[in-house]
Amino acid sequence: SFHRSVMSLQQLFVLGSLYSLRQSSANSHYGSWNGFLTPCTESLTPDWVLGTEPLNLSLVPLLKHRSQPVLLTNVFDVFPNSQDMTLTDLRLDNTHKQSKMKGSVFHHYNKDAVLASVTGSRPGHINEKSSVHEVLNSSQAHRYWSGSASYLNLSTHALPWPKHLNVTSEYYDLAWLSSKDVKVPQHYDNYYNLFLQLRGRKTFIIGPPSGIHHLKLHPSLHPGYRQSQYFNCTETNIAATHASCGCTSCQQITLEPGQGLFLPPFWSHGVHAVDASISMNVWSVSPAVVAAEELFSTAIPLEEDWSLHRRSVVLASLVKHVVNRFGTSLKTFAEALLEQRYSDLKLLGPQRTQFANGSCLCCTNEGLGSILDLEARRARFLAAVIDHTAGLELSLQLLYFQDWLEEMIVLLLDEKVVVAWLKQ
């Protein structure tokens with residue numbers, strides 16, 4: 001649900017005159033990232049309460065102020081025609097079909113991701129055309145489809161979609177159809193998510209942002225970005241989910257037809273279609289989306305004519321300056337990123353060796369002393385990072401900075417040296 005467009009290398013190389021140093025941001029509050037870089041020791045007992053409220057259209061714009069999920073009731077009171085809707089038997093492009101031998105878990109796979117060519121994991125499904133009836137009533141294979149709600153002509157059922165259900169002015173709406181038992185692994189979105197269950201039941205396992213670093217997320221460069229590497233993390237037993245996929249402080253909720261769920265940004269969720277299911281949702285743009293766009297367009301204080309080695313050591317120097325300010329060391333930060341995202345990642349043959357054993361990229365600080373304004377460059381960069389992420393919780397600042405670093409290593413150095421660089 002989050003598309004990020006990385007700027008060109010030339011756009012990101014800048015001189016000092018292009019920086020905007022906001023001193024007030026540099027003086028803003030910041031805490032320690034250390035707690036999010038250590039192994040999970042949290043209790044199974046949830047430290048949050050799932051609120052419950054009847055859905056009404058005046059409530060929707062107020063949801064953006066909620067910091068915790070809300071169970072919404074009375075959906076059919078607001079949209080009475082949706083209770084008895086009959087979908088025409090349309091042909092659906094790009095229906096995901098997966099044989100029962102390969103299991104019922106479907107995971108998103110971005111074939112254009114940087115690491116798509118070196119990852120050993122591939123989706124178990126194929127894409128084909130199916131009818132609505134085939135998706136909902138499939139018995140020989142698991143089927144799953146998502147697409148624009150307008151394609152299903154749901155407007156004919158008096159669903160004002162998404163006009164009255166967007167939390168902010170910018171939004172994306174989708175319909176979801178699936179056969180019985182389809183599952184989606186634990187993942188997060190950085191949008192506001194308003195989800196309505198119209199037919200069948202769906203079970204959600206929901207976890208707070210504070211536990212997101214224990215989900216063993218895929219790297220931001222991976223086709224499975226934002227998803228847990230534990231693809232079978234869809235147990236409906238909370239204790240089993242905690243043990244198998246690090247879902248800390250999680251709760252389980254099953255949506256009945258006519259119920260909805262509001263999820264704030266970064267609340268992880270795995271989903272299981274208990275029955276053949278029809279659902280709809282609206283993603284509305286959150287401040288977290290804007291923060292990501294600003295962070296990833298931050299000017300990098302390097303010069304275009306610098307050698308690969310100099311780029312590498314200056315990048316390490318910049319990262320060290322930021323992580324030190326947030327209460328941890330460069331060594332701890334890099335080790336945690338390797339453990340959380342790369343320790344169990346499956347990579348292909350020769351590419352795996354290149355990732356693990358790259359040439360020495362930042363073994364010495366040779367050349368740093370000749371950069372007379374290095375401290376000023378560090379200060380400007382730190383101020384920009386703090387400025388762009390100041391509105392986020394500490395755990396989410398860390399998450400975004402991890403994503404940023406992975407993509408900068410690729411952009412400034414090479415996609416085959418991410419692991420080697422972090423190890424060095």
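Quick note: structure is the one above.
Scope of this entry: the structure provided in the associated data block.

Rules of the game
Residues numbered from 1 in each chain as written. Predicted model: local features only at pLDDT ≥ 70, side-chain atom pairs only at ≥ 80, totals over all residues. Heavy atoms only, no water. Helix = DSSP H or I, 4+ residues; strand = E, 2+ residues; numbered from the N terminus. Buried < 20%, exposed > 50% of the residue type's maximum accessible area, 1.4 Å probe, protein only. Contact = heavy atoms within 4.5 Å. Areas by Shrake-Rupley, 256 points an atom, 1.4 Å probe, with all protein chains shown as cover. Axes fitted to C-alpha atoms, helices over the stretch in contact; angles between N-to-C directions. Parallel < 35°, antiparallel > 145°, perpendicular 65-115°, else oblique. Left-handed = near helix turned anticlockwise from the far one by under 90°. Nonpolar A, V, L, I, M, F, W, Y, C, P; charged D, E, K, R; others polar. Pairing = 2+ DSSP bridges. 1 Å grid on protein atoms, 1.4 Å probe; cavity = no way out; pocket = protein on both sides within 12 Å on 5 of 7 lines; lining within 4 Å. Points joined across faces, edges and corners; volume = space filled by probe spheres on them. Arc of directions from axis to C-beta. Core = buried A, V, L, I, M, F, W, Y, C linked by side-chain atoms within 4.5 Å.

### Let's talk about the overall build of the chain
Counting its regular elements, the chain contains twelve helices and 13 strands. Here the chain, with 424 residues, has 55% of them falling under the buried criterion. Considering only contacts in the chain between residues 6 or more positions apart, those separated by 24 or more positions represent 85%. About 18,200 Å² of surface is accessible on the chain, with carbon and sulfur atoms providing 51% of the total.

### Points about the packing of helix H7 (residues 308-325) against helix H10 (residues 374-389)
The N-to-C vectors of H7 and H10 enclose an angle of 55 degrees; their axes lie 10 Å apart at closest approach. One finds that H7 runs oblique with respect to H10. At the point where H7 passes H10, the crossing takes the right-handed sense. Touching Ser-317, Leu-318, His-321, Val-322 and Arg-325 of H7 are Leu-374, Arg-377, Arg-378, Ala-379, Phe-381, Leu-382 and Val-385, all from H10. Taken together, the residues that form the contact of H7 with H10 break down as seven nonpolar, two polar and three charged.

### Let's talk about the pairing of strand E3 (residues 91-99)
Bridge count between E3 and strand E4 (residues 126-131): five bridges; the pairing is antiparallel. Bridge pairing in E4 places Leu-92 opposite Ser-130. Strand direction decides the pairing type here: E3 and strand E5 (residues 141-147), joined by four bridges, are antiparallel. Directly across from Ser-99, in E5, lies its bridge partner Ala-141.

### Considerations on the layout of surface pockets
Empty space within the second largest pocket amounts to approximately 440 Å³. Around the second largest pocket, the lining is made up of 24 residues, and of these Pro-265, Gly-391, Leu-392, Glu-393 and Leu-396 lie nearest the centre. In terms of residue count, helix H6 (residues 287-296) provides more of the lining of the second largest pocket than any other element does, five residues in total. Taken together, the residues of the lining of the second largest pocket sort by class into 13 nonpolar, seven polar and four charged.

### Some details on H6
Taken residue by residue, H6 has Ala-288, Val-289, Ala-291, Ala-292, Leu-295 and Phe-296 as its buried positions. Down the axis, H6 shows its buried residues gathered within 160 degrees of arc, on one side only.

### Section: the environment of Lys-100
Examined against the element boundaries, Lys-100 turns out to sit in the loop between E3 and E4. Considered as a pair, Lys-100 and Ala-141 are 41 residues apart in the sequence and their alpha carbons are 5.4 Å apart. For Lys-100, the contacting residues outside a window of four places in its chain are Ser-139, Gln-140, Ala-141 and His-142.

### With respect to the nonpolar core
With 59 residues, the main nonpolar core has Trp-33, Leu-315, Phe-401, Trp-404, Leu-405, Ile-409 and Leu-422 as its most contacted residues. Going through the elements one at a time, H6, H7, helix H8 (330-342), H10, helix H11 (394-412) and helix H12 (418-423) are the ones with two or more residues in this core. If we skip the residues at most four places from it in the chain, Leu-315 touches Trp-404, Leu-405, Met-408, Ile-409, Leu-412 and Trp-421. The next biggest cluster of nonpolar side chains, apart from the first, holds 29 residues, and it includes Val-60, Leu-72, Leu-136 and Ile-278.

Coordinates in, geometry out; function isn't part of it.
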